[in-house]
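Chain by chain, the residues:
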Amino acid sequence: MTTSEQPATLRERKKLRTRQALVDSAVTLFGERGFDDTPLDALLEQVEVSRRTFFRNFRSKEDVALTAVKQLWDVYLDVLDGMEKSGPLADVFLDAMLTTLERMDEDWYRRFPLTLRLIADSPALDGYTLRHCAEVQAEIARRLDGRSRLELRLLIEFFVASWRCTLDEWLPDCLPGELPGLLRRTCSSMNSALSLSLEGCGPRAEG
């Protein structure tokens, strides 16, 4: 979630508080009990909201669990739209994510690692995340080039792979200040990674 002005009306503020309570309770409850083993009704009971209220805010249990991930990519798309697209697109993608990370607040940095652990522990949630990621990648390609050229799709795939590798490095400590530096290092390693040979990988472990 990014830092922003509070909604103007009481109704909007109440809706925001309800949504925030659902998000906070979801990552905590699913983390304690397991995403797959926790029915949606358990979350609704804890927050004391009805199914109708829940589905006004979220499409599914997966949707609320992945709020931090979706917030990240929503902000990323907004940042990317507003950036000048001069120079190598690889640098544009990196700069857009660095700007996005600057815009995320402390609450988001608290929930994001919890969300990553939920994804790692749940095949169902992992599959949902992969589908969402594919949708984001297609949206990036559409916004930059309606023809969705092969080279552009490959570059987007490379960047997303770099982001995933960065998150692997970031866990388990998850210090907010380390994430931008890790991302820069991962992206800078892409050229050498593409020319890597088996001889450069060192001996394989036996057993």
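The numbers attached to residues start from 1 for each chain and follow its sequence in the written order. Residue-level local features of this predicted model are given only where pLDDT is at least 70; pairs of side-chain atoms are given and counted only at 80 or more, and the full residue set underlies all totals for whole chains, interfaces and linings. Working from all heavy atoms in the structure, the side-chain values ignore hydrogens and water.

Engineer: What is the right way to look at the overall build of the protein chain in this model?
Structural biologist: Helix numbering and strand numbering both begin at the N terminus, where a helix is a DSSP run of H or I of at least 4 residues and a strand a DSSP run of E of at least 2. A tally of helices and strands in the protein chain yields eleven helices and zero strands. Mapped from its N terminus to its C terminus, the protein chain presents α and β elements in the order α-α-α-α-α-α-α-α-α-α-α. When the 207 residues of the protein chain are sorted by exposure, 40% land in the buried category. Any two residues whose heavy atoms approach within 4.5 Å are treated as being in contact. Long-range pairs, those at least 24 residues apart, make up 66% of the contacts in the protein chain between residues at least 6 apart in sequence. Burial classes: relative accessible area under 20% of the type maximum marks a residue as buried, over 50% as exposed, and values in between as partly exposed (1.4 Å probe, protein chains only).

Engineer: I keep staring at the UniProt feature "DNA-binding region" (unreviewed entry) in the protein chain and nothing clicks. Help me out?
Structural biologist: Per the UniProt annotation, the sites labelled "DNA-binding region" (unreviewed entry) are residues 39–58. Helix makes up 75% of residues 39–58 and strand 0%. Its end C-alpha atoms lie 15 Å apart. UniProt positions are given in the numbering used here, feature names are shortened, and annotations may be inferred rather than shown by experiment.

Engineer: It is not clear to me how a nonpolar patch on the surface should be interpreted in this structure. Could you clarify?
Structural biologist: Candidate patch residues must exceed 30% relative accessible area and have no salt bridge, after which like charges are joined if within 9 Å and Val, Leu, Ile, Met, Phe, Trp or Tyr side chains if within 5 Å. Here the Shrake-Rupley method, with its probe set to 1.4 Å, supplies the accessible areas, and only the displayed protein chains count as covering residues. A carboxyl oxygen of Asp or Glu within 4 Å of a side-chain nitrogen of Lys or Arg is what we treat as a salt bridge. Taken together, the side chains of L150, L154, F158 and L194 present a nonpolar region at the surface, about 370 Å² in accessible area. Sorting elements by how many residues they give to the nonpolar patch places helix α9 (residues 150–170) first, with three residues. Note on placement: L150 falls in helix α9.

Engineer: Which parts of the structure should I look at to understand the nonpolar core?
Structural biologist: Among the nonpolar cores identified, the biggest contains 58 residues, and L43, F112 and W163 are the most heavily contacted of them. Here the element with the most residues in this core is helix α5 (residues 67–82); it accounts for nine residues. Here L43 is in contact with L22, S25, A26, L29, F30, F54 and V64, once residues within four sequence places are set aside. Each nonpolar core is a collection of buried residues, namely Ala, Val, Leu, Ile, Met, Phe, Trp, Tyr and Cys, held together in the definition by side-chain atoms within 4.5 Å.

Engineer: What is the right way to look at the side chain of T186 in this model?
Structural biologist: Its place among the elements puts T186 in helix α10 (residues 179–188). Here L182 takes part through its backbone oxygen, which lies 2.9 Å from a polar atom of the side chain of T186. The residues touching T186, leaving out its near neighbours within four places in the chain, are S162, C165 and T166. For the purposes of these results, a polar contact is taken to be a pair of N or O atoms within 3.5 Å, where, inside protein, one atom must be able to donate a hydrogen and its partner to accept one; residues adjacent in sequence count only when each atom of the pair is a side-chain atom.

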